[in-house]
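An overview of the molecular structure
The residues making up each chain are set out below.
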Amino acid sequence: MSKKNYSLLLKNARLIDAGQNLDKQVDILLGDGKVVEVADVISSAAEQVLDLDGAWVMPGAIDLHVHLREPGFEYKETILSGAQAAVAGGFTSIACMANTNPVNDSAAITRFILEQARLAPAKVLPIAAISKGMAGDELVEMGDLVDAGVVAFSDDGKTVANSKLLRHALEYASLFNKPLLCHCQDNALFANGVVHEGLVSAAHGLAGIPSLAEDVDISRTIMLAEYLNTKVHICHLSTKTGVYLVRSAKARGVKVTAEVTPHHLFLDERAVVDLAYRESLDESLKPAKLCYNTATKMSPPLRSVDDVVALRAALADGTIDVIATDHAPHEATEKAVEYELAPFGVVGLETAVALGLRLIQEKVLTPLELAARLSSTPAAILGLNDRGTLAPGLAADLMIVDPELMWTVDPEKFYSKARNTPFSGWQMRGRVVKTIVDGKIVFNL
Ligand code: DOR
Ligand code: ZN
Ligand code: ZN
């Protein structure tokens, strides 16, 4: 069997593809790593035929915000383990943030990441830092980094506090037509907060992170992009006012896009102290007494119920363009400490698509809207025109979903090296059962 001509025929698939505005039963022929044909019935011979019997086919999910920890923190995650977690969750392309050690602020580091990614089952797309060492003082050499293959720029984990530097970053990134992904946080207002400033911080004496810390910085970021007439992308939107700011900026024609994480869509501040209120949790796993759960600590923090309602409405009406995981692996012992001392961050690659399916079940999104938020829109934001939709000639990157499969989230079974999920024990309906990258099956449940 010559590898080049390898072909795979998917029969009786429900193709849900926002890029082609298709939600219908079809056959899909893949060959030579690409989509060859999508038609009501295809009878050409193929080396392998899979009868999907109505299972869903969606373009592979594209996550424009993950942390892979290599180089420097390989004990938390490697490029390989992160990519394995990605394909197990239906993600075929993942863009990895620059807050490694050393920071990805040079072509040499970018080339190292791409080299490490050669054997990875998912496509790994490096994001470069905005400032050298993410120190916030001096711009990176953007041209060199673009030549080396970065898809975007971000100091994620930190804000770019210096507005003049942020201005220049927006100007240069737009010259190279690469997006700038902004982690918006006013450092003085954020201070030493560990949870959302609200009900839970007040009742439990935990230092609060006010919504204002995010909102003030989103305003500044949008004002810069509006003034300069450049694109800008806001990471992990978590507040109602943030939603208002993005919505009104879009209405004025500002070229702003925004992402939301699954955890900000499904959890609110109460999860910090009480996992038991969630009806989804298996009885046997509900804690006997109140306890803090460091798997709920991330930046930005889980906000109020009102914020969650606003985020869901914004995702539905397109104010929020994409779902991104902010997959942030940490080692178990690092999280097994007092809440104040635990690092910010939760993993997300292996639960995000199933939570997306839950958004369909909860009538927040239609299947086509979910495909847009997970695949075609992130591809467009990153300027990847060879993927994100399954039109003939494009990459055969896709996930096969059994929308009825019942399963329980068990972090011990994760491909990720890390287990820090706030969704442990959640009962899910619908799961990725196969993932295909460049026409090859790279994950099989
Ligand atoms: O929760 C977070 N974790 N937020 C960030 O901005 C950074 C990330 C990390 O790198 O762990
Ligand atoms: Zn961030
Ligand atoms: Zn992040």
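Cut-offs used in this document
- The residue numbers shown here count from 1 along each chain, following its written sequence.
- In the order they appear in the text, chains get letters beginning with A and ligands get numbers beginning with 1.
- Selection of residues for local features in this predicted model requires a pLDDT of at least 70, selection of side-chain atom pairs for listing and counting requires 80 or more, and totals for whole chains, interfaces and linings are taken over all residues.
- Hydrogens are left out, water is left out, and the side-chain values use all remaining heavy atoms of the structure.
- To be near a molecule or strand, a residue needs just one of its heavy atoms within 4 Å of it.
- We call two N or O atoms a polar contact when they sit within 3.5 Å, provided that within protein one can donate a hydrogen and the other can accept it, with sequence-adjacent residues counted only if both atoms are side-chain atoms.
- Accessibility throughout is a Shrake-Rupley quantity obtained with a 1.4 Å probe, and a residue counts as covered only by protein chains that appear here.
- Each residue is assigned to one class: nonpolar for Ala, Val, Leu, Ile, Met, Phe, Trp, Tyr, Cys and Pro, charged for Asp, Glu, Lys and Arg, and polar for all the others, Gly among them.
- At least two bridges found by DSSP between two strands is the condition for calling them paired.
- Each helix is a run of DSSP H or I of at least 4 residues and each strand a run of E of at least 2, with the numbering of both proceeding from the N terminus.
- Three labels apply to residues, based on accessible area from a 1.4 Å probe with only protein chains included: buried if under 20% of the type maximum, exposed if over 50%, partly exposed otherwise in between.
- The contact definition used throughout considers only heavy atoms, calling two residues in contact when any of these lie within 4.5 Å.
- Here the term patch refers to residues with relative accessible area over 30% and no salt bridge, with like charges joined within 9 Å and nonpolar side chains (Val, Leu, Ile, Met, Phe, Trp, Tyr) within 5 Å.
- Criterion for a salt bridge: a side-chain nitrogen of Lys or Arg within 4 Å of a carboxyl oxygen of Asp or Glu.
- Distances define the donors: N, O and S atoms within 2.8 Å of the metal qualify, as do those within 3.2 Å of Na, K or Ca. Water is excluded, so some sites may look unfinished.
- Note on geometry labels: four donors, all angles 85 to 135 degrees, give tetrahedral; four donors become square planar and six octahedral when opposite donors are over 155 degrees apart and every other angle is between 65 and 115; remaining cases are irregular.
- Pairing of aromatic side chains requires ring centres within 6.5 Å, counting the rings of Phe and Tyr and the six-membered ring of Trp. Pairs whose planes differ by under 30 degrees are stacked, by over 60 edge-to-face, and all others tilted.
- Lysine NZ or arginine CZ positioned within 6 Å of the ring centre and within 35 degrees of the ring normal marks a charge as sitting over the ring.

This brings us to the site of ligand 1. The full set close to ligand 1 counts 13 residues, and Arg69, Asn99, His183, Ser299 and Phe344 are the nearest of them. The separation between an oxygen atom of ligand 1 and a polar side-chain atom of His330 is 3.3 Å. Here Phe344 contributes a backbone N or O atom positioned 3.2 Å from an oxygen atom of ligand 1. Taken by itself ligand 1 offers 290 Å² of open surface, and the protein chains cover 91% of this. Taken together, the residues that form the shell around ligand 1 break down as 3 nonpolar, 7 polar and 3 charged.

Here 4 strands make up an open sheet; going across it, the order is β6-β7-β8-β9 and the pairing parallel. Every other strand in the sheet has two partners, leaving β6 (61–66) and β9 (152–153) as the edge strands with one partner each. Pairing of β6 with strand β7 (residues 91–96), which is carried by 4 bridges, proceeds in the parallel orientation. Considered in β7, the bridge of Ile62 is made with Ser93.

Let us look at the environment of Val260. By the secondary structure assignment, Val260 is in strand β14 (residues 256–260). Residue Val260 is classed as buried on the basis of its relative accessible area, which comes to 0%. Separated by 155 residues in the primary sequence, Val260 and Asp105 place their C-alpha atoms 25 Å from one another. Dropping the residues within four chain positions of it, Val260 is found in contact with Leu237, Leu265, Leu311, Leu315, Ile320, Val322, Ile323 and Ala324.

Together, Tyr172, Leu175 and Phe176 make up an exposed nonpolar region whose accessible area comes to about 320 Å². By the secondary structure assignment, Phe176 is in the loop between α4 (163–175) and β10 (181–182).

This next bit is on the coordination of the zinc ion (ligand 3). At 2.0 to 2.1 Å from the zinc ion (ligand 3) lie its protein donor atoms, namely His65 (NE2), His67 (NE2), Asp156 (OD) and Asp326 (OD). Given 4 donor atoms and angles of 85 to 177 degrees at the metal, the environment of the zinc ion (ligand 3) is assigned as irregular. The sequence motif formed by the donor residues of the zinc ion (ligand 3) is H-x1-H-x88-D-x169-D. In this structure, the zinc ion (ligand 3) lies 3.5 Å away from the zinc ion (ligand 2), the two metals sharing Asp156 as a donor. Remark: Asp326 occurs in the loop between β15 (322–323) and α11 (332–335) and Asp156 occurs in the loop between β9 and α4; sequence separation between them is 170 residues.

One can find Leu359 in helix α12 (residues 352–361). Between the alpha carbons of Leu359 and Val254 there is a distance of 28 Å; along the sequence they are 105 residues apart.

Centre distance and the angle of the planes are the two values used to describe a pair of aromatic rings. Scanning the entire structure with this criterion turns up 5 aromatic pairs. On the basis of an interplanar angle of 90 degrees and a centroid distance of 6.1 Å, the ring pair of Tyr415 and Phe443 is categorised as edge-to-face. In this pair, Tyr415 sits in the loop between β16 (398–408) and β17 (427–437) while Phe443 sits in strand β18 (residues 440–444), placing the two residues 28 residues apart along the sequence. The ring centre of Trp407 lies 4.1 Å from the NZ or CZ of Arg431, which sits over that ring.

Our focus in this paragraph is the coordination of the zinc ion (ligand 2). Donor atoms from the polypeptide that bind the zinc ion (ligand 2) are Asp156 (OD), His183 (ND1) and His236 (NE2), placed at 2.0 to 2.1 Å. For the zinc ion (ligand 2), the 4 donor atoms in the first shell make angles of 84 to 131 degrees at the metal, a pattern classed as irregular. In primary sequence terms, the donor set of the zinc ion (ligand 2) follows D-x26-H-x52-H.

One pass over the full model with this rule turns up 20 salt bridges. Among the salt bridges present, the one from Lys123 reaches Asp397, with a minimum N-O distance of 2.8 Å. Within this pair, whereas Lys123 is found in strand β8 (residues 123–128), its partner Asp397 is found in the loop between α13 (367–382) and β16, the two being separated by 274 residues in sequence. Comparing Lys123 with Asp397, the two get one shared label, buried. The network of salt bridges with common partners includes Lys123, Asp397 and Asp438.

To continue, consider unusual backbone geometry. A cis amide bond links Asn101 with the next residue in sequence, Pro102, at an omega value of 0 degrees. Its place among the elements puts Pro102 in the loop between β7 and α2 (107–116). Residues Ser299 and Pro300 are joined by a peptide bond in cis, for which omega reads -5 degrees. The backbone of Asn12 shows a phi angle near 55 degrees, a positive value even though the residue is not glycine. Along the chain, Asn12 turns up in strand β1 (residues 7–17).

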